[in-house]
Amino acid sequence: MDDKKDCVGIYANERFIYNRIPETAEYTWGYSDHLRDRHIQYASLWTQGASIGDICPEHLIARWTSAENKIKSHFKSLFITGISLEDICFFDVVPSKQLQHYFQTKNEICEWIFKNIEKPRHYNLLHDSYITIQDIAKRKLNINMHKLYKHSLRDVKAKYLWNWVQENPYSNVNYDLFGSKTGRITTRVGSFPIMNLKTELKDIVEPNLDCFLELDFNAAEIRTMISLMGQEQPQEDIHEWNIKNIFKEDISRAQAKQRFFAWLYNSENKTIDSEFYSKEVLVEKFYKEGKIQTPFGRRTVCDRFHALNYLLQSASSDNCLDRVNKIERLLRNRKSYVAFTIHDCCIIDLHRSDRSLIPEMKQIFEDTKLGRFKSSCHIGKNLGDMREFVWH
């Protein structure tokens, strides 16, 4: 009923239970730190991003609207009177009758969801990713305001960001697991824009601890394609490998990269004719009955034209998230933590006492469920000045 450490309470089987979470607790709407070490069925994940109001069955809409409005009025009253919810347990200041009405209705909606909506086949990945992004959202970013101000004098986007940070002093990264149809996570409205921060502005983001450690896959989508084709992963730079084995021409790495992606996402492009890479084979294998399904169980409705794009982006994103989740679990109860993830990389806020874990984290990152993916490791004092690092 409340996320704060000293506010432990649940409503189950039409009664309140305080100061403990029963071992039998298995189902609820959304995540709380009190449930961190339990594998709970979250109705919000079963609905894959729909709000409780959107998914509420018709026979409960009136009750839910009434109960929610009454709870909102209590929040408003506390705000007007200047009472901070950081200092009290919410369930201590709301009449028990209204709490009971609210949580009973919420529980009935959840029961309806579990009975009537199919559990996502990739629920385990959603569950672990959900906990990871909740942890990330709780941590304040360290923004160098002096650097940002200097950027704002000559950059329009930096000026906008300067004003935004002034209005949002507790800047954090708040991801949305269901923000894109392909499965790639996005940031919510009100989040620091870490996913599309201009390269020139990245130096404003600094670690809270000793340094940033970045683990980044080499050509993640291409390696995902290789894995889905059932081929063995090259353990060298994939674009250099393509030059020698696919193009067999004297071209630069940049040219090889441009040619490959021009072929990959253009159905009319026939530049590559190889059994090692086949767009048609992948679509036939993973596109069935108007849906693509990744090896992680994620199913996405799409037309055949978009099937390859959705397949590779979904599988690549899921593969990276799976590794980020495992690193997050490794770092629990350590000083270091996962700061954020950007596309196909994981950025860790590293404390010097955990530097011996770098080889293990790199190995975890590379040993994916789609095979061994080559990665690079960079380290730096800000996100804009990351230098390649090799552990000896």
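In this report, the structure presented in the accompanying data block is examined. (Residues numbered from 1 in each chain as written. Predicted model: local features only at pLDDT ≥ 70, side-chain atom pairs only at ≥ 80, totals over all residues. Heavy atoms only, no water.)

**Some details on the overall build of the protein chain**
Right, on to step 1. A tally of helices and strands in the protein chain yields 13 helices and 18 strands.
Right, on to step 2. Taken against the 2.2 N^0.38 rule, which gives 21 Å for 392 residues, the C-alpha radius of gyration of the protein chain at 24 Å falls within 12% of a compact globule.
Right, on to step 3. Seen along its three principal axes, the alpha-carbon backbone of the protein chain occupies a region of about 75 × 55 × 40 Å.
Right, on to step 4. Taking contacts inside the protein chain between residues at least 6 apart in sequence as the whole, the part at least 24 apart equals 63%.
Right, on to step 5. About 20700 Å² of surface is accessible on the protein chain, with carbon and sulfur atoms providing 47% of the total.
Right, on to step 6. Measuring between centres, the 56 positive side-chain charges of the protein chain sit 2 Å from its 53 negative side-chain charges. (Helix = DSSP H or I, 4+ residues; strand = E, 2+ residues; numbered from the N terminus. Rg over C-alpha atoms; globule rule 2.2 N^0.38 Å. Contact = heavy atoms within 4.5 Å. Areas by Shrake-Rupley, 256 points an atom, 1.4 Å probe, with all protein chains shown as cover. Lys, Arg positive; Asp, Glu negative; His and termini not counted. Charge placed at Lys NZ, Arg CZ, Asp CG, Glu CD.)

**Notes on the sheet that holds strand 12 (residues 299-301)**
Two orientations exist for strands paired in a sheet by backbone hydrogen bonds: parallel and antiparallel.
Right, on to step 1. Strand order in the open sheet made by the three strands is 10-11-12, with antiparallel pairing throughout. Sheet topology places strand 10 (287-288) and strand 12 at the edges, where each strand pairs with a single neighbour.
Right, on to step 2. Sheet topology places strand 11 (residues 291-293) next to strand 12; three bridges connect them, and they run antiparallel. For K291, the partnering residue across the bridge sits in strand 12 and is V301. (Pairing = 2+ DSSP bridges.)

**Observations concerning the side chain of R184**
Right, on to step 1. Assignment of secondary structure puts R184 in the loop between strand 6 (175-176) and strand 7 (186-187).
Right, on to step 2. In this structure R184 comes out as buried when scored by relative accessible area, which is 15%.
Right, on to step 3. Among the polar contacts made by the side chain of R184, one reaches the side chain of E221 at a distance of 3.1 Å. (Buried < 20%, exposed > 50% of the residue type's maximum accessible area, 1.4 Å probe, protein only. Polar contact = N/O pair within 3.5 Å; in protein donor to acceptor, adjacent residues only side chain to side chain.)

**Quick word on the environment of L60**
Right, on to step 1. Here L60 lies in the loop between helix 2 (52-55) and helix 3 (61-80).
Right, on to step 2. L60 gets classed as buried once you look at its relative accessible area, which sits at 2%.
Right, on to step 3. Spatially, the C-alpha atoms of L60 and I327 are 41 Å apart, while their sequence positions differ by 267 residues.
Right, on to step 4. Those residues in contact with L60 that lie beyond four places of it in its chain are T105, E108 and I109.

**What to know about the environment of V93**
Right, on to step 1. Along the chain, V93 turns up in the loop between helix 3 and helix 4 (96-116).
Right, on to step 2. Through-space distance from the C-alpha of V93 to that of F114 is 31 Å; in sequence the pair is 21 residues apart.
Right, on to step 3. Every residue in contact with V93, bar those within four places of it in the chain, is listed here: L78 and I88.

**A look at the sheet that holds strand 17 (residues 375-380)**
Right, on to step 1. With respect to topology, five strands assemble into an open sheet ordered 13-14-9-17-18, the strand pairing being antiparallel. Either end of the sheet is taken by a strand with one partner, and the two such strands are strand 13 (337-342) and strand 18 (387-388).
Right, on to step 2. The pairing of strand 9 (residues 211-217) with strand 17 spans six bridges and is antiparallel. Bridge pairing links D216 to S376 in strand 17.
Right, on to step 3. Running over the sheet, helix 12 (residues 304-330) touches strand 9, strand 13 and strand 14 (345-350) and is turned about 170° from strand 13. (Axes fitted to C-alpha atoms, helices over the stretch in contact; angles between N-to-C directions.)

**Re helix 9 (residues 238-247)**
Right, on to step 1. For helix 9, a buried count of seven out of 10 residues is recorded, marking the element as mostly surrounded by other parts of the structure.
Right, on to step 2. All buried positions along helix 9 are accounted for by I238, H239, W241, N242, I243, I246 and F247.
Right, on to step 3. Considering only its buried residues, helix 9 is in contact with helix 8 (220-228) and helix 10 (253-264).
Right, on to step 4. Capping the start of helix 9 is the job of one residue whose side-chain oxygen sits 3.2 Å from the backbone nitrogen of H239: D237.
Right, on to step 5. Taken from the residues just after helix 9, K248 is the one with a positive phi, measuring 50°.

**Quick notes on the environment of C7**
Right, on to step 1. With respect to the helices and strands, the residue C7 is situated in the segment before strand 1 (9-12).
Right, on to step 2. The sequence separation of C7 and R20 amounts to 13 residues, and the corresponding C-alpha distance is 9.7 Å.
Right, on to step 3. C7 has contacts with D2, H34, I88, C89 and F91, leaving out every residue within four places of it along the chain.

**Here we look at helix 10**
Right, on to step 1. With 12 residues, helix 10 should cover 16 Å at 1.5 Å per step; its first-to-last C-alpha distance of 16 Å lies within 8% of that length.
Right, on to step 2. Listed as buried for helix 10 are A256, F260, W263 and L264. Around the axis of helix 10, the buried residues are gathered within 95° of arc, so they sit on the same side. Helix 10 presents A254 and Q258 as exposed residues on the side facing more than 90 degrees away from its buried surface. (Expected span 1.5 Å × (residues − 1). Arc of directions from axis to C-beta.)

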